[in-house]
Amino acid sequence: MNSVHNQATAVRKKIGSISYAKWGYIFLIPFFLVYVVFSFVPLISIFYNSFFENYMSGLKQVGPNFVGLENYANLFENDLGKYFYNTLLIWVLGFIPQITISLLLASWFTNLRLRLRVTGLFKTIIYLPNLIMASAFALLFFVLFSDAGPMNDVLMHLGIIDQPYRFLSEVAGTRGLVIAMNFLLWFGNTTILLMAAIMGIDNSLIEAAEIDGAKSFQMFRLITMPLIKPILIYVMITSMIGGLQLFDVPQILTNGSGNPDRTSTTLIMLLNNHLYSKNYGLGGALSVILLIVSAVLSLLVYDSMTREQRLEKREKKRMKEGAGQ
Amino acid sequence: MNKKLSNAARLQLKLSRAFCYIILTLISVMCLLSFYVLIINSTRSHPDILRGFSFLPGKSFFYNLKSLMANANLPVVRAVFNSLFVSGCTALVTTYFSVLTAFAIHAYDFRFKRAAFAFILMIMMVPSQVTALGFVRLMGTFNLIDTFIPLIVPSVACPIVFFFMKQYMEASLPIAIVEAARIDGSNEFRTFNLIVLPIMKPAIAVQGIFSFVTAWNNYFVPSLILKSTENKTVPLLVAQLRNADFLKFDMGQVYMLITIAIVPIVIVYLLLSRYIIRGIALGSVKE
Amino acid sequence: MKVKKMLALFLALIMLVSMAACGSSGEPAAPENGGDTQGKVLNIYCWNEEFQSRFTDYFEKPGLIPEGVKVNFVITPNQDNAYQNALDEALLKQDSAAADDKIDIFLVEADNALKYVNTDYTLDVVNDIGLTEADLADQYQYTRDIVTDSNGKQKGTTWQATPGLFAYRRSIAKDVLGTDDPAQVQSALSDWDKFDKVAEQAAGKGYKMLSGYDDSFRTFNNNIVKPWVDSSNKIVIDPNVMRWIDQTKLYTDKGYNNKTSLWAPEWAADQGPAGKVFGFFYSTWGINFTLLGNSLATPESEGGKAEVGNGIFGDYAVCQGPQNYYWGGTWICAAAGTDNVDLVRDIMYTLTCDPVTMKKITEDTQDYTNNITAMNELAKSDFKSDFLGGQNHIALFAEAAPKIDMKNISPYDQAMTEQLRLAFKDYFDGKVTKEQAFDNFYRAVIEKHPELTR
């Protein structure tokens, strides 16, 4: 294994650096061309505008007037921390069950020994919620969880509560519904991603382990997990970015208010409020903050998950250098 | 594959299988509940729906279907085809170019590789809300309002799909394969199309589904780009129905349209999800 | 193999659709006619089909569209503020747009009318468009005030008036007040103090006076004595709005309401056969359509008939209630830069000034139209509504509509009314103090309108 790898690196170095580098650039052209043409101007204007007072008062443009860091200060004075906390709390409470269930389901669906039947049906069903538009999905939740709705009927019938629980009037109820909806919308996606990753694994490795008599859990922990790590990193990071950018579910569910007492207002809901008046000053500043937070958090995740790998690499390098001398 | 198992092991397997089925059934019920509500409501009349939910179907299914189809301002069939076209193109374009971009970063060593990678990851974190209005304005200056181009072409540069492809390659695309092709004299573009793409099939199917569904349900930007009735996509019609005036406001029709809108994506999903499973054999390195 | 075939089929389908799509959208725009005063395309921006159906029935069908003019409705639903976003973008680009792409007509609602009316993007219907003062004289004053700019120029016009009334349950009124006669019930509810007293009586008999928190909001808010925002951009909380807050809190704490919200399922159910609510504030369209629909046990689409015996059809009656108000309405505005001034004038005249058309609209659709003479004529007739137990509610509308006073409207009303109700729901629910609710309200409004201060 090791020698093959080394050989490959050697070949790559020889061929790659001499004549193939230009292909790297060529293959990047479409992405960067399209990005620059379609999205670069809006992106740059985010940074630029965050230092200006720039919004519409009705149809009248106010600004742009340079205000330095005032927009940033304004955000922090106006409870940015609270919305950050809301967003993070909702993400963490949603992500833990999501990744757990998704890993569990993905491992069941791909487990050769369990050989579950009708998995095709289950796989289809778990992805179905994602097919409904978020706005339509919120509509359905309104119906199910309204004060005199079927959920309250069921709960009262079972004797769990004796008065209707007014879900959207309670902090826990509202956040809980946001988390539940988000979970239902996205756990199917995560499961499919992880399944695809597991199926990308060379079957022979698993067969070999099976012959060696490894238990399911052992096999999962020692073979599957390390091999799907790149996809796990992907899931973690994109889910985190998605979590920080959580918007449509709480927006629709609370009519844009983020109530009760703005405890379900997320960062992007705040951004959306500022964009109502095309406030690119405050909106831009908020986006920049969000960008920095996402980048730092992503880096932390990436770093902690690839630490082992990097240590291993460094070790190898040192050994090679040692051997070379 | 079939090895002899001891009785104890067989019992244990049976128990864990039963456990799996119970959990799967519970989760399925949760997922199907909203569909049940949706379908039930599409059979009920507007005032009935307004008054709250009932677990029993109503009698207005055909009434709702008929009034939905009778509305000349809501070309449902046309909108479904528009949505199919936009979402299909988006899925194709975004997966193909994301694999290409990921391949560039994964397989080649060049000077700005790290910078390019870092840049793409950074733009992945830009919240789309803030650029949306600027994007629409830009499309206005390009004279692309009321065309499908602003909905399809920008998906060439989709950082999230790129990132997935890159991570997938890390797990499943050994450089040795590319190098072997080089030794066989294949040119790089050919290698990409004939060797890399097939290996990436499961990843392409996964992200193809995701991009298709995202594009299918996309409302905000299309609502600002598409103007004429014959260019509208399904979510715009749903919003239009929900915004109807008091004479025409009919939640029965809204639910009916949402139900109809789901059928095509379920079909696409079924088509592509089989592909993911078949992908194991196709994508295997051994081939 | 099968999958490959299906994929191929799918791709082929996409290609086919793409060709079809290109075929229709690839049409080049007709070359601009420089010399003509009459543009070839009339662009109308709106958020639903209401105006389009009026336009089709009463302007297009009678053959009033000049030959060679294409009418193009751009419908952008209002979800996520998309309509205003699209309209604003188009208006800001109006100068540079080609003549046939320019907006000619756009529609506004009362809550956001002044945002457009107070700018030069909207044309004066008298001086720019050419309607005469006499044409407009028969429109209800409040519908003109809503679209009158700060210089006193009227910049929009509507075919609809939407005076509001209080629709109460006859059976409950009999039980609580001993009478279901509209005149007597009105005298028992003619101001808010009396209204509160009846609420207490009704609660004593096991009824709720109102269904939810925002039922009476509109009535209070339409009678504020100062605009929501003063000349120095400071937000003003009117005493009448304070009164709504205190009344609703009292009703909630004492159980005089059912804690519902507008358009919630419980709210609609309260209007039906199982409801125990004394009454609802509803305007023209709400009574004839929404309330009627909610009152039936078997809906019309399922073979139920709108007649006595089906649910509580016939058990409602209307009276004027404690204060005058309106609810709803759509105004037609002409965009500066239009190349179809004459056609716009014709449309505005036919659909909003012409008594013959207006009367016909009311007769065809039961919509209450914006023409005092025509409506008074109907009010004097022996019109009877079976739904309201034989009452002539048109007479009440005709009496109420001239009394509505909307001089205190501001460009910020949309944000103010929406955010106030959202913020104070927490207060009524007992989740926050009054101060905290106000704080949340100010925050939300200032986020949307950074130029305002508390």
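Residues numbered from 1 in each chain as written. Chains lettered and ligands numbered in written order. Predicted model: local features only at pLDDT ≥ 70, side-chain atom pairs only at ≥ 80, totals over all residues.

Asker: Would you mind going over the overall build of chain B with me for this structure?
Answerer: Each helix and strand counted, chain B has 14 helices and zero strands in total. Taken from N to C terminus, the helices and strands of chain B fall in the order α-α-α-α-α-α-α-α-α-α-α-α-α-α. A compact globule built from 287 residues would reach a C-alpha radius of gyration of about 19 Å, whereas chain B, at 24 Å, exceeds it by more than 25%. Taking the principal axes of its C-alpha atoms as reference, chain B extends roughly 70 × 70 × 30 Å. Relative to its 287 residues, chain B shows a buried fraction of 52%. A separation threshold of at least 6 residues defines the contact pool for chain B, and within that pool the share at least 24 residues apart is 77%. (Helix = DSSP H or I, 4+ residues; strand = E, 2+ residues; numbered from the N terminus. Rg over C-alpha atoms; globule rule 2.2 N^0.38 Å. Buried ≥ 20, exposed ≤ 12 C-beta atoms within 10 Å, placed from the backbone. Contact = placed C-beta atoms within 7 Å.)

Asker: Explanation requested: the interface of chain C and chain A in the structure shown.
Answerer: For interface size, the figure often reported is the accessible area lost on association. Residue-level contacts link 28 residues of chain C with 23 residues of chain A. Only helix H3 (82-92), helix H12 (265-270), helix H18 (413-428) and helix H19 (434-448) of chain C provide two or more residues apiece to the side of chain C that touches chain A. Among the elements that make up the side of chain C that touches chain A, the one with the highest residue count is H19(C) (six residues). In terms of residue class, the side of chain C that touches chain A is made up of 11 nonpolar, six polar and 11 charged. (Nonpolar A, V, L, I, M, F, W, Y, C, P; charged D, E, K, R; others polar.)

Asker: Even after reading the chapter, I still don't get the sheet that holds strand S8 (residues 316-319) of chain C, so can you show me in this structure?
Answerer: Within a sheet, adjacent strands bond to each other through the backbone by hydrogen bonds, running parallel or antiparallel. All names here are of chain C. On the basis of which strands lie adjacent, the open sheet formed by three strands has the order S7-S4-S8 and antiparallel pairing. Looking along the sheet, the strands with just one partner apiece sit at the ends: strand S7 (279-283) and S8. Here the strands of the sheet are splayed against their neighbours by 35° on average, with no regard to which way each runs. Strand direction decides the pairing type here: strand S4 (residues 164-169) and S8, joined by four bridges, are antiparallel. (Pairing = 2+ DSSP bridges. Axes fitted to C-alpha atoms, helices over the stretch in contact; angles between N-to-C directions.)

Asker: Would you mind going over the domain arrangement of chain B with me for this structure?
Answerer: Residue and element names in this part refer to chain B. Here chain B is described as being made up of domain 1 (9-67) and domain 2 (68-283). The distance between the C-alpha centroids of domain 1 and domain 2 comes to 29 Å. Contact with domain 1, which involves 14 residues of that partner, is made by 12 residues of domain 2. A class-by-class count of the residues in the side of domain 1 that touches domain 2 yields five nonpolar, seven polar and two charged. (Domains from an automatic or database assignment.)

Asker: Sorry if this is basic, but what is going on with the sheet that holds strand S9 (residues 331-334) of chain C here?
Answerer: All names here are of chain C. What the four strands build is an open sheet, ordered S2-S1-S3-S9; its pairing is mixed. The open sheet is flanked by strand S2 (70-75) and S9, the only strands paired with a single partner. Within this sheet the neighbouring strands show an average axis-to-axis angle of 25°, counted without direction. Of the pairings in the sheet, the one linking strand S1 (residues 41-46) to strand S3 (residues 105-108) comprises two bridges and is parallel in character. When the sheet's bridge partners are listed, Ile44 is paired in S3 with Ile105.

Asker: Before we go on, may I ask you to explain the environment of A:Val34 in this structure?
Answerer: Mapped onto the elements of the fold, A:Val34 is located in helix H1 (residues 2-38). Placed 198 residues apart in sequence, A:Val34 and A:Leu232 show a C-alpha to C-alpha distance of 29 Å. The contact partners of A:Val34, leaving out residues within four places of it in the chain, are B:Val153, B:Pro154, B:Val156 and B:Ala157.

Asker: I'm lost on unusual backbone geometry in this one. Help?
Answerer: Comment: phi is negative for the bulk of residues other than glycine, and the bulk of peptide bonds are trans. At the junction of A:Asn259 and A:Pro260, the peptide bond is cis and its omega measures out at 0° in the coordinates. Relative to the elements of secondary structure, A:Pro260 occurs in the loop between helix H12 (248-253) and helix H13 (267-275). Of note in this structure, A:Val118 is not a glycine but carries a positive phi near 45°. Among the secondary structure elements, A:Val118 is positioned in the loop between helix H4 (80-110) and helix H5 (119-127). In this structure A:Val118 comes out as exposed when scored by C-beta crowding, with 10 C-beta atoms within 10 Å. Not every positive phi belongs to a glycine, and B:Asp146 is a case in point at roughly 65°. By the secondary structure assignment, B:Asp146 is in the loop between helix H6 (128-141) and helix H7 (149-152).

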